[in-house]
Amino acid sequence: AVRLCRCRALLSQPAGALRARRGLAAGPEMHFGFQTVTEEERREKIYQVFETVAKKYDVMNDSMTLGIHRVWKDILVHKMNPCPGTLLLDVAGGTGDIAFRFINYVRSVRQSQLQRKLKHHQNLSWQEIFESYQNDKFNSLGNSQVVVCDINREMLKVGKQKAQHLGYSEGLSWVLGNAEELPFDDDKFDVYTIAFGIRNVTRIDLALQEAYRVLKPGGRFLCLEFSHVSNPLLSRLYDLYSFQVIPVLGEVIAGDWRSYQYLVESIRQFPPQEELKAMIEDAGFFKVEYENLNFGIVAIHSGFKL
């Protein structure tokens, strides 16, 4: 509760005061899609985009990617391979997609562990087996926790509603927070994930430094993001689909052409795979690598805090 209040206080400050507190100047102009804006304007515009699209975010993700985003997120969690006891921070994860997958994955691992444990105790009485099972099932996540942190209240609201509807409560918490100034202690989390969020961060370098700060030594950074397609023919087809179809879907499904036009443009302005890898290394991470999915339409970047 104290951290949440601290975070809200930070977010309530004017952007200029926030920059002054960090010791940052107004800085150079930045991209908002294909527009050139100031840092403050970019931050405000991106906030408004996600404030607007929050309620239709999941429907639009399915429509834009033909449902493939679900597979990409599954791959991210399998790459993470969390074990019971893992403490995860999912940044820009307001709608809960990564958090829910993490919980399902850990529950599955925990259940397998329990079954193996009971299998190796064949000499126990039925009463002893029953009591052991009852004790363990109430800790189905093995003390794992996932903290969902998002700067946008509406996105968090949608995520909480989904969690309630789907029955997720154990091991899950929601925090209003800025990726560039996280309201958490140093060396706290085992894993940090950010899925389809880092390209909307105003200062990627600050977000990466914060990711490094809050991870424990040995902790892992994982980023799933739209990237740059390597195949020239596929790249042209992808551009055609992105610019001609996605904004139309945004207008038809969400009544919002401009927000989805921005989302398409933001992908084109995002650093390519090798450049993002170098930025992650500059933040202090080791063993940084990336895996292209669907010819680079998206990429998963991974690094470790050693």
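This report concerns the structure included in the present document.

Here is what the cut-offs are and how they apply
- Residues numbered from 1 in each chain as written.
- Predicted model: local features only at pLDDT ≥ 70, side-chain atom pairs only at ≥ 80, totals over all residues.
- Heavy atoms only, no water.
- Helix = DSSP H or I, 4+ residues; strand = E, 2+ residues; numbered from the N terminus.
- Buried < 20%, exposed > 50% of the residue type's maximum accessible area, 1.4 Å probe, protein only.
- Arc of directions from axis to C-beta.
- Contact = heavy atoms within 4.5 Å.
- Pairing = 2+ DSSP bridges.
- Right-handed = clockwise from strand over helix to strand, strands pointing away.
- 1 Å grid on protein atoms, 1.4 Å probe; cavity = no way out; pocket = protein on both sides within 12 Å on 5 of 7 lines; lining within 4 Å.
- Points joined across faces, edges and corners; volume = space filled by probe spheres on them.
- Nonpolar A, V, L, I, M, F, W, Y, C, P; charged D, E, K, R; others polar.
- Axes fitted to C-alpha atoms, helices over the stretch in contact; angles between N-to-C directions.
- Left-handed = near helix turned anticlockwise from the far one by under 90°.
- Phe/Tyr/Trp six-rings, centres within 6.5 Å; stacked < 30°, edge-to-face > 60°.
- Lys NZ or Arg CZ within 6 Å of the ring centre and 35° of its normal.

Comments concerning unusual backbone geometry
1) Next: A positive phi is found at Lys-287, a non-glycine position, where the angle reads about 50 degrees.
2) Next: Structurally, Lys-287 can be placed in strand S8 (residues 286-293).
3) Next: The exposure class assigned to Lys-287 is exposed, which follows from its relative accessible area of 57%.
4) Next: Positive phi, close to 50 degrees, is recorded for Asn-294, a residue that is not glycine.
5) Next: Structurally, Asn-294 can be placed in the loop between S8 and strand S9 (298-304).

Side note on helix H11 (residues 246-254)
1) Next: Looking at H11, one finds that the buried residues are Ile-246, Pro-247 and Gly-250. The buried residues of H11 occupy an angular sector of 105 degrees when projected down its axis, which confines them to one face.
2) Next: Considering only its buried residues, H11 is in contact with helix H4 (57-65), helix H10 (232-244) and helix H12 (257-269).
3) Next: Residue Gly-255 follows H11 closely and has a positive phi angle near 65 degrees.

Some remarks on the pairing of strand S7 (residues 215-226)
1) Next: The buried count for S7 comes to 9 of 12 residues, which makes it a mostly enclosed element.
2) Next: Of the strand pairs in this sheet, strand S6 (residues 189-195) and S7 are connected by 6 bridges, and their pairing is parallel. Directly across from Val-191, in S7, lies its bridge partner Arg-220.
3) Next: The β-α-β motif built from S6, the intervening helix H9 (residues 204-214) and the parallel element S7 has right-handed crossover chirality.

Some thoughts on the environment of Glu-39
1) Next: Mapping Glu-39 onto the fold places it in helix H3 (residues 39-53).
2) Next: For Glu-39, a relative accessible area of 2% gives the class buried.

Thoughts on the layout of surface pockets
1) Next: Of the pockets and cavities examined, the largest pocket occupies roughly 520 Å³.
2) Next: If you trace the largest pocket, you find 27 residues lining it, with Met-64, Thr-65, Trp-72, Phe-226 and Tyr-238 closest to the centre.
3) Next: Put simply, the parts of the chain that give the lining of the largest pocket at least two residues each are H4, helix H5 (68-80), H10 and H12.
4) Next: Residues belonging to the lining of the largest pocket are distributed by class as follows: 20 nonpolar, 5 polar and 2 charged.

Here's the deal with the packing of H4 against H11
1) Next: Contact geometry for H4 and H11: axes closest at 10 Å, N-to-C directions at 145 degrees. Considering the relative orientation of H4 and H11, their crossing is right-handed. Residues Val-59, Met-60, Ser-63 and Met-64 of H4 form the contact with H11, whose participating residues are Ile-246, Leu-249, Gly-250, Ile-253 and Ala-254.

Quick look at the packing of aromatic side chains
For any pair of aromatic rings, the description rests on two quantities: the centre-to-centre distance and the angle between the ring planes.
1) Next: Summed over the entire model, instances satisfying the criterion amount to 8 aromatic pairs.
2) Next: Look at Trp-72 and Phe-196: their rings are 6.2 Å apart centre to centre, the planes differ by 50 degrees, and that puts the pair in the tilted class. Of this pair, Trp-72 sits in helix H5 while Phe-196 sits in the loop between S6 and H9, and the two are 124 residues apart along the sequence. Just as Trp-72 is buried, Phe-196 falls in that class too.
3) Next: One aromatic cluster in this structure is built from Tyr-192, Tyr-212, Phe-221 and Phe-285.
4) Next: Lying over the aromatic face of Tyr-238, Arg-268 brings its terminal NZ or CZ to 4.8 Å of the ring centre.

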